[in-house]
Amino acid sequence: MQERTESINNLEQCMKCTICTAYCPVVPVRPEYPGPKQAGPDGERLRIKNGFYYDEALKYCLNCKRCEAACPSGVKIADIIHSAREQFSTHKPGLREFILANTDLMGTVARPFAPIVNGVVSTSVAKLAMDSILGVDKHRKFPKYQFKGFEGWFKKEKASSQASFKNQIAFFHGCSTEFQHPEVGKAFVEIMNAIGYGVNLLDEQCCGVAMISNGFFKAAKKHAKNNIKEFEKAVANGLPIVTTASSCTLTMRDEYPSVLKIDNSSVRESIVLVEKFLYELIDEGKVKLAFKPSYSAKINYHIPCHMEKLGWSIYTKKLMEMIPGLEFTTLDSRSCGIAGTYGFKKENYEVSQAIGKPLFDAIKANKPDFVVSECDTCKWQIEMSTGYTVKNPILVIYEALDIEKTIELNK
């Protein structure tokens with residue numbers, strides 16, 4: 001095993017205060033996991049000397065970043081853990097991990113047969129087979145693939161008109177918008193056009209977050225390099241890169257350099273979630289939104305873990321508060337437990353549900369009309385575990401927006 005000679009990700013700043021362990025959602029429900037302090041900076045001090053000290057229990061880390069959000073010294077604890085997994089883990093990812101990691105590939109294969117695929121994977125026979133053969137838990141519900149994706153809609157309905165707008169942006173829409181939730185991308189385009197912004201699609205690849213979690217670091221690096229090249233083209237043309245998914249955003253901004261060692265310094269500050277982008281335009285007086293006076297809803301806002309790490313939930317809250325007739329409640333800060341593909345795995349399912357239970361109970365007690373969250377896997381987990389619909393904030397804004405009046409205000 002190759003020896004490490006230097007530390008990474010701000011290791012030296014750890015003061016051993018254990019705040020990270022107190023905030024870790026895994027520690028209370030999984031005794032095998034040593035916790036972020038021991039798995040991260042403490043373990044790294046030993047691994048620097050000799051990889052012999054690597055512990056495969058690091059695979060139980062959710063990569064939720066709650067430890068990093070809580071750390072008073074700014075230590076990149078989860079990134080230390082995943083970098084160690086890349087260098088020292090002897091566990092080779094199998095077919096299950098390949099399927100879960102390659103979201104764009106699986107979506108491309110499934111799309112032509114979407115109704116059949118959706119029907120088959122929801123049957124008890126298929127679930128039992130996946131449980132016994134692949135190790136995907138039989139209780140897990142899968143998001144439905146859409147026969148018609150976002151890019152196809154955009155190219156047919158919207159692409160030809162985008163150059164007519166004075167302002168322009170680049171849109172990284174991600175795998176789930178393309179294959180499962182094209183309505184989010186459609187809402188994004190309609191809103192951007194209404195405020196006078198043309199949308200440009202990128203020749204994007206998956207952000208790589210699922211590849212990192214499942215041990216396909218080489219493939220994740222390949223995707224990252226492609227995306228950085230695309231982003232650099234956009235930035236060279238003066239275009240910000242606007243996104244709608246919190247985990248994609250965090251991965252491309254923070255994990256590309258700290259986990260994959262891909263330099264993104266030329267584009268990092270240009271990658272921004274739509275909620276932050278839109279709120280700042282409104283706050284600076286550059287655009288205006290007009291909402292339907294008849295719109296009314298009682299909603300709960302679940303802040304995804306990666307949104308907590310980005311520190312941008314304030315922009316979503318401010319935008320939601322602008323909508324008349326919206327009864328808006330922010331839920332207590334908790335992990336939903338799914339952590340991307342973590343909660344799909346048989347050995348993690350019960351832990352995943354135990355982590356999310358306080359959140360599920362809070363939603364059920366509040367009885368909202370629906371839940372709002374920027375993360376698609378949080379959506380899948382909460383909908384499966386509570387029965388309540390979860391919507392991306394941009395979809396809520398679109399539903400509440402008076403498009404015609406907004407267009408008039410921004411001429």
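Data block above holds the structure.
Note that the structure is predicted; figures quoted are calculated from it, not measured.

Colleague: Got a minute to help me understand the side chain of Arg96 in this structure?
Modeller: In this structure, Arg96 sits in helix 5 (residues 95-101). Here Arg96 falls in the buried class, since its relative accessible area comes to 11%. Setting aside its immediate chain neighbours within four residues, Arg96 contacts Leu134, Gly135, Val136, Lys345, Lys346 and Glu347.

Colleague: It is not clear to me how a nonpolar patch on the surface should be interpreted in this structure. Could you clarify?
Modeller: Together, Leu95, Phe98, Leu105 and Val109 make up a nonpolar patch on the protein surface, roughly 350 Å² of accessible area in all. Counting residues per element, the ones that place at least two in the nonpolar patch are helix 5 and helix 6 (103-110). Under the relative-accessibility criterion, Val109 is labelled partly exposed at 48%.

Colleague: Sorry if this is basic, but what is going on with the packing of aromatic side chains here?
Modeller: Both the distance between ring centres and the angle between the ring planes are used here to describe each pair of aromatic rings. What the rule picks out here adds up to 13 aromatic pairs. Their ring planes at 80° and their centres at 5.5 Å tell us that Phe52 and Tyr53 sit as a pair that is edge-to-face. Arranged with centres 6.2 Å apart and planes meeting at 35°, the rings of Tyr54 and Phe88 form a pair that is tilted. Placement of Tyr54 in the loop between helix 2 (36-47) and helix 3 (66-70) and of Phe88 in helix 4 (residues 77-88) is noted, with a sequence separation of 34 residues between them. The pair Tyr54 / Phe88 is uniform in exposure class, with both members buried. Joined through ring pairs, the aromatic side chains of Phe150, Trp153, Phe154, Phe171 and Phe188 make up one cluster. Sitting above the plane of the Trp312 ring, Lys276 keeps its charged end 5.4 Å from the centroid. Above the ring of Phe370, the side-chain terminus of Lys391 is found at 4.3 Å from the ring centroid.

Colleague: How should the sheet that holds strand 5 (residues 297-301) be read in this particular structure?
Modeller: Strand order in the open sheet formed by four strands is 6-5-7-8, and the pairing between neighbours is parallel. Looking at strand neighbours, the two that pair on one side only are strand 6 (326-330) and strand 8 (390-391), the edges of this open sheet. In terms of strand pairing, strand 7 (residues 370-372) meets strand 8 through two bridges, oriented parallel. By the bridge assignment, Val372 is partnered in strand 8 with Lys391. Strands strand 5 and strand 6 of the sheet are contacted by helix 17 (residues 313-321), whose axis makes an angle of about 160° with strand 6.

Colleague: Looking at this model, I keep getting lost on helix 17. Mind explaining?
Modeller: Because an α-helix completes one turn every 3.6 residues, residues spaced three or four positions apart along the sequence face the same direction. Of all the positions in helix 17, only Ser313, Tyr315, Thr316, Leu319 and Met320 are classed as buried. Looking straight down helix 17, one finds that the buried residues subtend no more than 160° of arc, so they occupy a single side. Taken together, the buried residues of helix 17 touch helix 15 (274-283), strand 5, helix 16 (305-310), strand 6 and helix 20 (393-400).

Colleague: What's the story with helix 4 in this structure? I'm lost.
Modeller: Taking 1.5 Å per residue, 12 residues should reach 16 Å; helix 4 reaches 16 Å between its end C-alpha atoms and fits that length. Of all 12 residues in helix 4, 10 are buried, a share of seventy percent or more. The complete set of buried residues in helix 4 reads Ile77, Ala78, Asp79, Ile80, Ile81, His82, Ser83, Ala84, Arg85 and Phe88. The secondary structure elements touched by the buried residues of helix 4 are helix 1 (19-23), helix 2, helix 3, helix 12 (209-213), helix 13 (217-236) and helix 14 (246-258).

Colleague: Explain the environment of Ser176 to me, please; I cannot follow it from the model alone.
Modeller: Considering the arrangement of structural elements, one finds Ser176 in helix 10 (residues 174-179). For Ser176, a relative accessible area of 13% gives the class buried. For the pair Ser176 and Asp369, spaced 193 residues apart in the sequence, the C-alpha separation amounts to 23 Å. Beyond its immediate sequence surroundings of up to four residues, Ser176 is in contact with His181, Asp376 and Trp380.

Here is what the cut-offs are and how they apply
Residues numbered from 1 in each chain as written. Predicted model: local features only at pLDDT ≥ 70, side-chain atom pairs only at ≥ 80, totals over all residues. Heavy atoms only, no water. Helix = DSSP H or I, 4+ residues; strand = E, 2+ residues; numbered from the N terminus. Buried < 20%, exposed > 50% of the residue type's maximum accessible area, 1.4 Å probe, protein only. Contact = heavy atoms within 4.5 Å. Patch = residues over 30% accessible without salt bridge, like charges linked within 9 Å, V, L, I, M, F, W, Y side chains within 5 Å. Areas by Shrake-Rupley, 256 points an atom, 1.4 Å probe, with all protein chains shown as cover. Salt bridge = Lys/Arg side-chain N within 4 Å of Asp/Glu carboxyl O. Phe/Tyr/Trp six-rings, centres within 6.5 Å; stacked < 30°, edge-to-face > 60°. Lys NZ or Arg CZ within 6 Å of the ring centre and 35° of its normal. Pairing = 2+ DSSP bridges. Axes fitted to C-alpha atoms, helices over the stretch in contact; angles between N-to-C directions. Arc of directions from axis to C-beta. Expected span 1.5 Å × (residues − 1).

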